[in-house]
Structures are given as C-alpha cells and as structure tokens.
Amino acid sequence: MSAEQKEIVLCENLVKIYKTNETEVVALQGLDLSVEYGEITAIIGNSGSGKSTLLNMLGGLDKPSAGTVMVDGLNLAKFNDRDLIQYKRKTVGFVWQNNARNLIPYLSATENIELPMRLAGKADRNRALELLDAVGLSHRKNNKLHEMSGGEQQRVAIAIALANQPKLLLADEPTGAVDTRTSEQILNVFREVNKATGVTIIIVTHDMALSRKVDRVVAIRDGRTSSEILRKTSYADELGHLSSLKEEESHLELAVLDRAGRLQIPREYLEEIGAAGTNKLLVELEDGKIVIQAPHREETAQPEQ
C-alpha cells in the first residue's frame, strides 16, 4: 500500500452481464464503490440488486464484464488462475451463509481452522487455538460440525476466514440463518476482530436493521450504488448514550452521485410526490437547494398540431 492509498477496495464503473443462449442479465450497471482500510462496511439491497455479484467479484470468484475492481492495489480483472489462487489464500477471507460451505463436517473446529493454513504451507495449531479463543469458542476446539449450534458454526467460519491473516474479510449473509440474539453475537465477533486485527470487513445482507450495528452502510439498487447510510456517532458512543439518542437520529442517509452526476431516487419518494411511473421530473434551483418535483400535467402535454 502506498502512503497515499486509503482505499483497500476501489470499484469504478463496474459492469457484470450474464449471458445464456436466450437471455442476457445485467447484474451490475456501472457501480462505483470505495472502502477504506480498517472499515466495517455493510452492503444492503433487495434480492437481485447486485450485492452478491459484487461480493463474488471482490472474492475473486467472478470477473467483471467491464470496469475496474481493485483490492489492496491489485487489479483483479487482470488476474490469471495462479494469481487468483494466491489472492484467495493471502489477501481475502470468505464467510458463507451456508455453513456446509465453511466447514468440513468430519474435522474438528481446530482442524477446520488449520486447513487453510495447511493449504498455504504454514500449519499452526497454536494460531488455530488463538483464533478459536478470539471468537469465544475455546471450549469447542474438539467438536465437529453436528456438535455445534448454527451460531457457533458461523463463529468457527469467521476464524477459518481469518486463518491466513487476510487484509479483507467478506461475509455473505452471515446472520441470515440465525435468530436475533445469535445475530448480535456474530456481529460482535466481527467488531472485536476488526478492532483487534484491523482487518477490513464487508458484510453483504438484506437486513436493513444491520445499519444500526455498523458505522457505514452502502445501499445498492438495480446494480448501482444508490445511497450511503453513515452513523453520526460511533457505535461505542451510541451505546453510552442510548437514552439520549433516538434510533432515527443515529444515522444520516446520503444519495450517491455517479461520475456523470446521476443519482437514484427511491421509488417511495417518487410515489410521495406523485411521480411514480414517469421518466420526467421538474428540477429547479431555489435558494441554493436543488428541488425535484413531479411536473404539472400542462408542462408535459404535447402541443396540438
């Protein structure tokens, strides 16, 4: 990392098109995203918004159709197969929602954590035990998959993802299959790991409530970055002032402009001003503010011939 480089993740005009013989699906439509070193960022969006496609790009599991995706100064679009193997072993860690993809059932928790280190040629039992302790599961070191709860399995999965000391940790719906209490425990593990190691964490989820748990949330809509939700105070400060800080006051949502000056307006906003179903809006500058409203009917009417 150069002295000037603040972003571990930098995506510019990212496009992904999936083609079959009969159909063409555009999953990402010119997405821009930057994530700084050491951040915990949540990416939210409805099903089909493009968030999982983005995570696969960052994880080296898929390549863009166009645009740039940089991680830790590396251009993933230019990687060959050998580069991708090294990237997955050294730079990025992945936590899947489905624990069957995270853990091998006939290995113990300790052996599961050791496995990626063995694949990288540096098995270390002590480090595996330290990681188990970091996620609060030292007492499960000899247990196998079926002997642990879903939340415990997910915490072991986090330890596995951290085995080779990645700079970027990616989590795909890590709380999607657990209850609210367990979800909170898993998110606490992410925060503690981030604080202890400085690893950058990107969590993809459809759970809007997650925005109360992290400092930065990026919303994706229709394959583009739509808005960012930023915490006004740190999570730690908010915990100390729960009685004085209302939930709706804890975050500020900002629309994201792309490089052409375009922004996405939420559908519910358009419905509120009576502009749903139209592709034309009245945009005016009033007293230093940009005002957007539905045009009056007479303003859009075609002149008589």
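Residues numbered from 1 in each chain as written. Predicted model: local features only at pLDDT ≥ 70, side-chain atom pairs only at ≥ 80, totals over all residues. Heavy atoms only, no water.

Asks: Before we go on, may I ask you to explain the pairing of strand β4 (residues 66-71) in this structure?
Replies: Successive side chains on a regular strand alternate, one facing one side of the sheet and the next facing the other. Here strand β1 (residues 7-19) runs beside β4; their pairing, made up of five bridges, is antiparallel. Note that in β4 the partner of L10 across the bridge is M70. As paired elements, β4 and strand β5 (residues 74-75) share two bridges and run antiparallel to each other. Paired with V71 across the strands is L74, a residue of β5. Between β4 and the antiparallel strand that follows it, β5, lie two residues; D72 among them carries a positive phi value of about 55°. (Pairing = 2+ DSSP bridges. Helix = DSSP H or I, 4+ residues; strand = E, 2+ residues; numbered from the N terminus.)

Asks: What am I meant to see in the sheet that holds strand β2 (residues 24-36) here?
Replies: Backbone hydrogen bonds are what pair the strands of a sheet, in a parallel or an antiparallel way. Pairing is antiparallel in the open sheet, where four strands are placed in the order β2-β1-β4-β5. In this open sheet, the two strands that pair with only one neighbour each are β2 and β5.

Asks: Looking at this structure, how should I read unusual backbone geometry?
Replies: A negative phi holds for most residues other than glycine; trans holds for most peptide bonds. Located in the positive-phi region is Q165, a residue other than glycine, with phi close to 55°. Phi is positive for E173, which is not a glycine, with a value near 50°. Mapping E173 onto the fold places it in the loop between β7 (168-172) and α7 (180-197).

Asks: Is there a simple way to explain the pattern of salt bridges in this structure?
Replies: Charged atoms that come close allow side chains of opposite charge to pair. Scanning the entire structure with this criterion turns up eight salt bridges. Residue R118 is joined to E114 by a salt bridge in which the shortest nitrogen-to-oxygen separation is 4.0 Å. Note that R118 and E114 are positioned in helix α4 (residues 109-119) at a spacing of four residues, about one turn of the helix. Looking at R118, the relative accessible area reads 52%, which means it is exposed. (Salt bridge = Lys/Arg side-chain N within 4 Å of Asp/Glu carboxyl O. Buried < 20%, exposed > 50% of the residue type's maximum accessible area, 1.4 Å probe, protein only.)

Asks: Looking at this structure, I do not really get the environment of I202. What am I missing?
Replies: Relative to the helices and strands, I202 is located in strand β8 (residues 200-205). On a C-alpha basis, the gap between I202 and V217 in space is 9.6 Å, while along the polypeptide they are 15 residues apart.

Asks: Please explain the side chain of K51 as it appears in this structure.
Replies: On the secondary structure map, K51 appears in helix α1 (residues 51-58). Buried K51, no salt bridge; nearest opposite-charge side chain is E173, N-O distance 4.4 Å. Setting aside its immediate chain neighbours within four residues, K51 contacts I43, I44, G45, N46, E173, V204, T205, H206 and I220. (Lys, Arg positive; Asp, Glu negative; His and termini not counted. Contact = heavy atoms within 4.5 Å.)

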